[in-house]
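Structural features, examined
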Amino acid sequence: MPFIEALRQLFFSVGQDHFCLIHVSLIPVLGVVGEQKTKPTQHSVRELRALGLTPHFLACRSAQPLLENTKQKLSQFCHVPVGNILNIHDVPNIWHVPLLLRNQNAHDAILKHLDLSSVAKPPNLQEWTKRAETFDSLTNSVRIAMVGKYVGMSDSYLSVVKALLHACIACSSKPMIDWIAASDLEDDSANLTPEAHAAAWKTLENAACVLVPGGFGDRGVKGMILAAKYARENKVPYLGICLGMQISVIEIARSVLGLERANSTEFDDKTPDPVVIFMPEGSKTHMGSTMRLGCRRTLFQNPDCITAKLYHNSDYVDERHRHRYEVNPEMVSILEESGLKFVGKDESGKRMEILELPDHPFYVGVQFHPEFKSRPGRPSALFLGFILAATGQLEVYLRNPQNGSL
């Protein structure tokens, strides 16, 4: 296994005093008697040793806290000091895990092993503790319709899910994500799978906001267009990311401008109205071949737009990209006749980065991926605005001089 060899080489290159191997293992429980079984961990440690790697710490996942005799058994048979056996048992939410490790002095043990105790500072987890406890006490929730093509594999949208969580906590709400397979919204589904079609539309109509994330290929595109149209016509907060922005452009071109065959050349290379086209980027400084990849600057075109306010009245924003197709710059003037406004562009002015509908509570599409920069306690500005709009808090938030003003 290449990664095992890489670990061995790292150990030999940096030396034992600068190397800390933490082995993560699951502690199963024998259902009838509730006995915590250590054999699987013993076996996995034995195999690691046979490969030339000796764990310094065990990070043991379990449903319940480890019993003292379980720790003693692990220490005895895995040759790991009891103080180096860390227990990561189930907690109310994932943000409790760093606190759980802190309470077991995991940081002290690791620092001691690496001989860094003299230069390390005590962990400052006051804000983190408050955030974890706040999440536990939340009673309000917000229903979010996630309309995509990979909803059967929710990990495909993990960054988006985490960004929604960060924003919801900042808005004192718990996220309730309703996954909608875009294809279930399509007209064909009404005939082929009527129950799934009806359920998908009921879910969409019960949501407080609609999010269409990124993706590649044409599967489910018709359903995404219908979701974007529903959000636009019914004044439901909408956030379109990458493909989701392109979807909103196609929908408005068809429904508002009457360009019935408007499309992306990714889905129809013979469309008479190519509102989204292949715009490869050849760069000597950024990786990605023909893909526009990495952090890029977006310049706000209108300081009064909602997006600029959410970014604290900045003149620009740097966000990460991952795409090949973009809004056709030759169609921009026509598209803006619909009322749609491209409020963010790249430094050349040719790449449309952000769109808004001014007569809508929150209808925003972005070509970049704001979820990639979202962090606990520091939510993405756009995700925050999206959830604020869904919970009726956006106008009040923007009136605060520290946040921006309408």
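That block above? That's the structure.
This report concerns the structure included in the present document. All figures in this text were calculated on a predicted structure; none of them were measured in a lab.

**Description of a positive patch on the surface**
Residues Arg320, Lys373, Arg375 and Arg378 make up a contiguous surface patch of positive charge. Note that arginine 320 resides in strand E13 (residues 316-323). A residue is classified by how much of its surface remains accessible, and arginine 320, at 37% relative accessible area, is partly exposed.

**Some remarks on helix H2 (residues 39-50)**
Taking 1.5 Å of rise per residue, the 12 residues of H2 would be expected to cover 16 Å, and the 16 Å separating its terminal C-alpha atoms lies within 8% of that figure. In this fold, the buried residues of H2 make contact with helix H1 (2-14), strand E1 (22-26), strand E4 (57-62) and helix H3 (68-78). Immediately beyond the C-terminal end of H2, within one or two residues, lies glycine 52, with a positive phi of roughly 95°.

**Quick look at the pattern of salt bridges**
Inspection of the entire model under this criterion finds 13 salt bridges. In this structure, lysine 37 and glutamate 35 form a salt bridge, with 3.7 Å as the shortest nitrogen-oxygen distance. Here arginine 232 makes a salt bridge to glutamate 251, at a shortest N to O gap of 2.8 Å. With arginine 232 in helix H10 (residues 221-233) and glutamate 251 in helix H11 (residues 243-255), this residue pair connects regions lying 19 residues apart in the sequence. The exposure class of glutamate 251 is buried, given its relative accessible area of 0%.

**Re the sheet that holds E4**
Read from one edge to the other, the open sheet built from 3 strands follows the order E1-E4-E5, with strand pairing classed as parallel. The open sheet has two free edges, formed respectively by E1 and strand E5 (85-89), since each of these has just one partner strand. Each adjacent strand pair in this sheet contributes to an overall mean axis angle of 25°, direction not counted. Sheet contacts for H2: E1 and E4; angle to E1, the most-contacted strand, approximately 145°.

Criteria and thresholds
Residues numbered from 1 in each chain as written. Predicted model: local features only at pLDDT ≥ 70, side-chain atom pairs only at ≥ 80, totals over all residues. Heavy atoms only, no water. Patch = residues over 30% accessible without salt bridge, like charges linked within 9 Å, V, L, I, M, F, W, Y side chains within 5 Å. Areas by Shrake-Rupley, 256 points an atom, 1.4 Å probe, with all protein chains shown as cover. Salt bridge = Lys/Arg side-chain N within 4 Å of Asp/Glu carboxyl O. Lys, Arg positive; Asp, Glu negative; His and termini not counted. Charge placed at Lys NZ, Arg CZ, Asp CG, Glu CD. Helix = DSSP H or I, 4+ residues; strand = E, 2+ residues; numbered from the N terminus. Buried < 20%, exposed > 50% of the residue type's maximum accessible area, 1.4 Å probe, protein only. Expected span 1.5 Å × (residues − 1). Contact = heavy atoms within 4.5 Å. Pairing = 2+ DSSP bridges. Axes fitted to C-alpha atoms, helices over the stretch in contact; angles between N-to-C directions.

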